[in-house]
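# An overview of the molecular structure
Each chain, letter by letter, is given below.
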Amino acid sequence: MDIQTVGIIGAGTMGNGIAQACAVAGLNVVMIDVAEAALARGVANVATSLDRLIKKDKLTAAQKDAALALITTATDHAALTGAQIVIEAATESEALKVKILQQLDGLLAPEVIVATNTSSISITKLAAATQRADRFIGMHFFNPVPLMALVEIIRGLQTSDATHAAVKTLTERLGKTPITVKNAPGFVVNRILVPMINEAFFVLAEGIATAEDIDAGMKLGTNQPIGPLALADMIGLDVCLAVMNVYMAEYNDSKYRPAPLLKEMVAAGWLGRKTGRGVYTY
C-alpha cells in the first residue's frame, strides 16, 4: 500500500506529535478533534516543537513551513476519506476508542488501515469491535513523539501480514525504529518499565535509599536518562498504579502487586508533576 495521507484522531500531546512526525516525513496529515480550540492548540504545539528543532540546527525554517503546510485540521470525520491509514490517538478509554473506531468503519473505504496508539488496551479486543479486524493494528508511539525513535507495532490475533508490512514501512518512513509485539497487557516496554518503577517505590518505602539516591543510582548505574521515581512523577503516579492494577488483574501474579507506598501517595492526591507533588515537590 502506498501511504501518502495519514488521518489522526486526537490533537493532544500524542496526536500532534504523530502529526508532526508524519508531516516532517513529507506525508499529508488530516488531524481531527472534537473542538476547533483543541486543533488550534495542536497545530501551535507542532509549530513550537519545530521551532525548537530549528534552534538545534536539526531543521530549517523552510522545512518547518513545508511541514506545517501538510497539516490540515477538521472536526468532521468526513475529512478523513482521502487517507490510506487513520491513527487513533484519543484519550485512553476503551469505550471512547470503540465508539470512534465504529464511526470510522462506516466512513472509510474497506482497504483503509486503522491503527490505535493505545498503550494498554487489547488490540485483539479493539479489532473485534470493527468490521476491518484484519486491517487493524497497534502503533504505540512514545512521548515526546518527535524525539523518541521507537514505535511498538502490536499485532492483534486478526491482524494480516499485509497490514503489518504496510505499517512497518510507514514507521520506517517516519524515521522511527519499529519493533513487532504480540498483543499482551503492557506490550513490551511498559511491561518492563512500570514494574521497575513499582519496585523503586518498594525500595523507597523500605528505606534502603533516599529518592534522590535511588534515581541517581539508576541513572548512573544503568545509563538511564531519568530515574524511575522522577519518571513516575512525569508519567503520573495514578497512571503507574492503574497499569499495575491491570497487570495484577490480567496476569494474576503477585509480582505485579502495586507497592503500598504508591497506592498511599495516589490516595493522598500526590500524583506527580501534574499536581505539583509526587515523590518530589514541584
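Just above, that's the structure.
What comes next is a walk through the structure. What you are looking at is a predicted structure, and each value in this text was computed from that prediction instead of being measured.

## Thoughts on the pairing of strand 6 (residues 136-141)
Counting buried positions over the six residues of strand 6 gives six, a clear majority of the element. Alternating positions in strand 6 separate into two faces, Phe136, Gly138 and His140 on one and Ile137, Met139 and Phe141 on the other, with burial throughout. In this structure, strand 5 (residues 113-116) lies alongside strand 6, joined through three bridges in parallel fashion. Looking at the pairing, alanine 115 lines up with isoleucine 137 of strand 6.

## So, helix 11 (residues 260-267)
Every α-helix winds through 3.6 residues per turn, so residues three or four apart in the chain are directed the same way. All of the buried residues along helix 11 are Leu262, Met265 and Val266. For helix 11, the angular spread of buried residues about the axis comes to 100°, placing them on one side. Residues of helix 11 that are exposed and point more than 90 degrees away from the buried face comprise Pro260, Glu264 and Ala267. Residues of helix 11 that are buried sit in contact with helix 7 (189-205) and helix 10 (237-251). Once helix 11 ends, the next one or two residues include glycine 269, with phi positive near 85°.

## As for the layout of surface pockets
For the largest pocket, the calculated volume is near 1,300 Å³. Listed by contribution, the elements that provide at least two residues to the lining of the largest pocket are helix 1 (13-24), strand 6, helix 7, helix 9 (228-235) and helix 10. Here the element with the most residues in the lining of the largest pocket is helix 10; it accounts for seven residues. Considered class by class, the residues forming the lining of the largest pocket number 22 nonpolar, eleven polar and four charged. In this structure, the lining of the largest pocket is formed jointly by two domains, domain 1 (5-182) and domain 2 (190-274), each of which donates at least three residues. Estimated volume of the second largest pocket: approximately 300 Å³. If you go around the second largest pocket, you meet 15 residues; those closest to its centre are Gln20, Ser49, Arg52, Pro144 and Pro146. Of all the secondary-structure elements, those providing two or more residues to the lining of the second largest pocket are helix 1 and helix 2 (36-55). The element that contributes the greatest number of residues to the lining of the second largest pocket is helix 2, accounting for five residues.

## Here we look at the pairing of strand 8 (residues 177-182)
Inspection of the sheet shows strand 7 (residues 150-155) paired to strand 8 by six bridges, in the parallel sense. Paired with arginine 155 across the two strands is lysine 182, which belongs to strand 8. For the handedness criterion, the β-α-β arrangement of strand 7, helix 6 (residues 161-173) and strand 8 is classed as right-handed.

Calculation rules
What you see as residue numbers is a count from 1 along each chain, following the sequence as written. Side-chain atom pairs in this predicted model are given and counted only at pLDDT of 80 or more, local residue features only at pLDDT of at least 70, and totals for whole chains, interfaces and linings cover all residues. Values reported for side chains reflect all heavy atoms of the structure, with hydrogen atoms and water molecules removed beforehand. Classification of residues uses two cut-offs on accessible area relative to the type maximum, computed with a 1.4 Å probe and protein chains only: under 20% is buried, over 50% is exposed, and between them is partly exposed. Put simply, DSSP H or I for four residues or longer makes a helix, DSSP E for two residues or longer makes a strand, and each gets a number counted from the N terminus. Two strands are counted as paired when DSSP detects at least two bridges linking them. Here, the arc refers to the directions that run from the helix axis to the C-beta atoms. We call two residues in contact whenever any of their non-hydrogen atoms come within 4.5 Å of each other. Space inside and on the surface of the protein is sampled on a 1 Å grid over the protein atoms alone, with a cavity defined as a set of points where a 1.4 Å probe fits but cannot get out and a pocket as an open set with protein on both sides within 12 Å along at least 5 of 7 lines; lining residues have an atom within 4 Å of a point. Grid points are joined across faces, edges and corners, and a volume is the space filled by probe spheres set on the points. Gly is put with the polar residues, along with every residue not named as nonpolar or charged; the nonpolar set is Ala, Val, Leu, Ile, Met, Phe, Trp, Tyr, Cys and Pro, and the charged set is Asp, Glu, Lys and Arg. Reported domain spans reflect what an automatic or database domain assignment gives. For a crossover, the right-handed case is the one in which the path from the first strand over the helix to the second runs clockwise, viewed with the strands pointing away from the viewer.

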